[in-house]
Amino acid sequence: MLSSPDLSFSRTLPIVVFNQLGVLLEQMAQTVGSTALILTEVVLVRIYIPGKWQRQRFTLVVSEQFSVLLVGTFEQGSRETEGQGIYSEINAQLTFNLEAIASFVCELRDLFECDSDTHQNLERYQQIIRPNDATLQSQFTLLLLESLLTQPNQEIIAPPSPIDPAVYICQPVEDALKKQISQERLLNQVTTQIRKSLDLPVIMATAITQVREFLELDRLVIYKFAGSQVNTQPYQSDIIPLNETALTTGMELSVREPCEIYFSIHENNGEHSPFVSVNNKTLLEDYQQYGGYIVYEARATDAIRSVLNYTEKNCFIQSSQCWEKYCQGFTLAVDDVEKTYALEECLLNFLRECQVKAKFAAPIIFEDKLWGLLIAHQCDRPHQWNDSEKNLLIAIAEQLAIAIHQAELMQTLTQEKQNLEQRVIERTIALRDALLAAEAANRLRSEFLATISHELLTPLTYVIGMSSTLLRWPLGELSQRQRGYLQTIHDSGEHLLEMINDILDLSQIEAGKTALNISEFSLVNVAQNAVESLRKKATSEQINLILDLQIDPKRDRFIGDAERVEQILWNLLTNAIKFTPENGSVTLRLWVEDDTAIFQVEDTGIGIPEEQLPLLFEKFQQLDTPYRRRYEGTGVGLALTKQLVQLHRGRIEVESTVSIGSIFTVWIPTQAVRVFRSAEC
């Protein structure tokens, strides 16, 4: 019911009539001129809105000469037409009341509290609301009466003519089914390619080309956020790439402080890579977190401007608000950028320059991480995005997320493999260097010992020789006490000579300078010589020295170095006698198996603890036992023995029990008739 003087009314109208009134208001705004602000409910598509605004549609015109508000609300629980989300009727209110319009603008302004520019623009327009110009008011009143009173002409449907061909009533259904089948086939092709290939650039380029052609889009792009790790281009740049946020997301918020973002092109290995330089540190940090750039593009014609290499100065940047919404799976559908961004003059001008009339953005998310966006553009006209187009673009974005996830896993695996290979190489080099250093140090030590031992032999020989000569003098020339001193000097010299010879032999073997004098000899003779040379020592220590020959006389002949074999036996027997208490026994056994001579020295000595057995054949090692201070030695004898055994390509083993005794077993194979050097073993 109309009321004076502002012609405000409220009634339930068909949705068609409500839309006609909205068009009528837009025509009046165009009559006023460019100073008028025209807003519809589409400006809310990019922000979160309360429930009551979700059921509301409106058209708002604000200017100094003419202002009007048309608001329509769908009732809760009202039924949709044919289940298509389209309401047949709406509760409409139209008013010219200045206070009502200002109150509505105030509520609308509060919805954009996080968007400083939009908030300020709405506040500015709220201040300019004035009483309507009488001429414009009258003009609109006439147009309004004409629109409300004039009934639309009924369309007369002529009866079907037998001459005209009949229209197939199921044709729209069949066309829809065919399009759905084609859409599923396209999606299956993209899915199959992703499963067969790990080449992400090829997958992306092929997918957006096929989808653009199928949906007849003017432009389809893939937008990548700067923080994403998977590379889609064959190049990398240390410079921050082009921020196409305004073009792609439609979720831009102006920064609080004035600043500029400069877009330009960077040349890198023949490829064009956009970058941005920012004169504000906080803005740079925000960009690195939320900004990004377009990595792929498919266009219908070359007449449509490319956004890959776009150069522009702009006043907006991506914010955490839109980032979080996209992370939650938010999709943005803008049917008409002129209406959606009516309050964003800078952004709207940018979209006009880039030829964007309508756009749809779907997030590319995998493992709860936002990688980028799939964005569709219509460049020549506004476009109403239907559910079929939205579902296909969302499905393609999901498949691209799978492809990116595969590429990320492969990239991670490749990187780990390269890191592992590099660590193996570095470790190998380090081990080789350590081995070379150890070998060099060991060689220098052996050469040093050989040199020192050789230098000690000459004066030691004089000491032993002269003491022997003095001991052979007649008794009257020397007192008994003097002879005791000389005997001590002689015995100590002999002992020292024995140790020096062992050290010299050991150092020469390790330095690779020892050769085996191979010949045929009697094993029995070698064993008897070793036993007889120590018989006197064993008797003085009250130890029973036994030779147990378990050898067939026919197998007595053996090929090897007789002197070195006797030295092995002598070292083992000496060691056994030294560590065997009085009234104990030391036994040397000998037998032959196949072509191997086996020597076994068994004693009833103090034994060796099991935990110390690994140190037994180490150089200069004396085992820590209760008898350590009682028995002298340098720990060279057994080490030299093992080296001599290995020089014959043989082996030595030991079994021991504390307080019971030890058994040393040596296996020496027969040698070929040639000279062996230690370096060959």
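Residues numbered from 1 in each chain as written. Predicted model: local features only at pLDDT ≥ 70, side-chain atom pairs only at ≥ 80, totals over all residues. Heavy atoms only, no water.

Taken together, the 5 strands give an open sheet; going across it, the order is E18-E20-E21-E23-E22, and neighbouring strands pair in mixed fashion. Edge strands, defined here as strands with exactly one partner in the open sheet, are strand E18 (544-549) and strand E22 (651-657). Sheet twist, expressed as the average angle between the axes of neighbouring strands with direction ignored, equals 15°. Running at roughly 15° to strand E21 (residues 596-603), helix H16 (residues 562-578) makes contact with E18, strand E20 (585-593), E21, E22 and strand E23 (661-669) of the sheet. Its contacts with the sheet place helix H17 (residues 637-647) against E22 and E23, and it is angled at close to 140° to E22. (Pairing = 2+ DSSP bridges. Helix = DSSP H or I, 4+ residues; strand = E, 2+ residues; numbered from the N terminus. Axes fitted to C-alpha atoms, helices over the stretch in contact; angles between N-to-C directions. Contact = heavy atoms within 4.5 Å.)

The next thing to look at is the pattern of salt bridges. Tallying each qualifying case throughout the model produces 11 salt bridges. The partner of Asp 380 in a salt bridge is Arg 381, and the shortest N-O contact between them spans 2.7 Å. The salt bridge involving Arg 432 is made with Asp 433; its shortest N-O contact spans 4.0 Å. One salt-bridge network, in which partners are shared between bridges, spans Asp 548, Arg 589 and Glu 602. (Salt bridge = Lys/Arg side-chain N within 4 Å of Asp/Glu carboxyl O.)

Turning next to a nonpolar patch on the surface. A surface patch of nonpolar side chains, amounting to about 280 Å² of accessible area, comprises Phe 448, Ile 452 and Leu 456. Among the secondary structure elements, Phe 448 is positioned in helix H13 (residues 387-471). (Patch = residues over 30% accessible without salt bridge, like charges linked within 9 Å, V, L, I, M, F, W, Y side chains within 5 Å. Areas by Shrake-Rupley, 256 points an atom, 1.4 Å probe, with all protein chains shown as cover.)

A separate point is the sheet that holds strand E6 (residues 219-225). One open sheet holds the 5 strands; their spatial order is E10-E6-E15-E14-E13, and the pairing between them is antiparallel. The sheet is open, and its two borders are formed by strand E10 (292-299) and strand E13 (332-334), each paired with just one other strand. Sheet twist, expressed as the mean angle between neighbouring strand axes with direction ignored, is 15°. One ladder, built from 3 bridges, connects E13 with strand E14 (residues 358-366); its direction is antiparallel.

Another aspect to go through is the packing of helix H3 (residues 98-111) against helix H4 (residues 116-127). One way to put it is that H3 packs onto H4 with a least axis distance of 9 Å and a crossing angle of 170°. It follows from the interaxial angle that H3 and H4 lie roughly antiparallel. Contacts from Ala 102, Val 105, Cys 106, Leu 108, Arg 109 and Asp 110 in H3 reach His 119, Leu 122, Glu 123 and Gln 126 in H4. For the contact of H3 with H4, the residue count by class is 5 nonpolar, 2 polar and 3 charged. (Parallel < 35°, antiparallel > 145°, perpendicular 65-115°, else oblique. Nonpolar A, V, L, I, M, F, W, Y, C, P; charged D, E, K, R; others polar.)

Summed over the entire model, instances satisfying the criterion amount to 9 aromatic pairs. Centre to centre, the rings of Phe 360 and Trp 385 are 6.1 Å apart; their planes meet at 45°, and the pair counts as tilted. Of this pair, Phe 360 sits in strand E14 while Trp 385 sits in the loop between strand E15 (369-378) and H13; the two residues are 25 residues apart in sequence, bridging distant segments of the chain. Each member of the pair, Phe 360 as well as Trp 385, is classed as buried. Here a set of aromatic residues connected by ring pairs shows up, and it is made of Trp 53, Phe 58 and Phe 104. The cationic tip of Arg 124 hangs over the ring face of Tyr 125; the distance from NZ or CZ to the ring centre is 4.7 Å. Positioned over the ring face of Trp 667 is Arg 651, at 3.9 Å from the centre of the ring. (Phe/Tyr/Trp six-rings, centres within 6.5 Å; stacked < 30°, edge-to-face > 60°. Buried < 20%, exposed > 50% of the residue type's maximum accessible area, 1.4 Å probe, protein only. Lys NZ or Arg CZ within 6 Å of the ring centre and 35° of its normal.)

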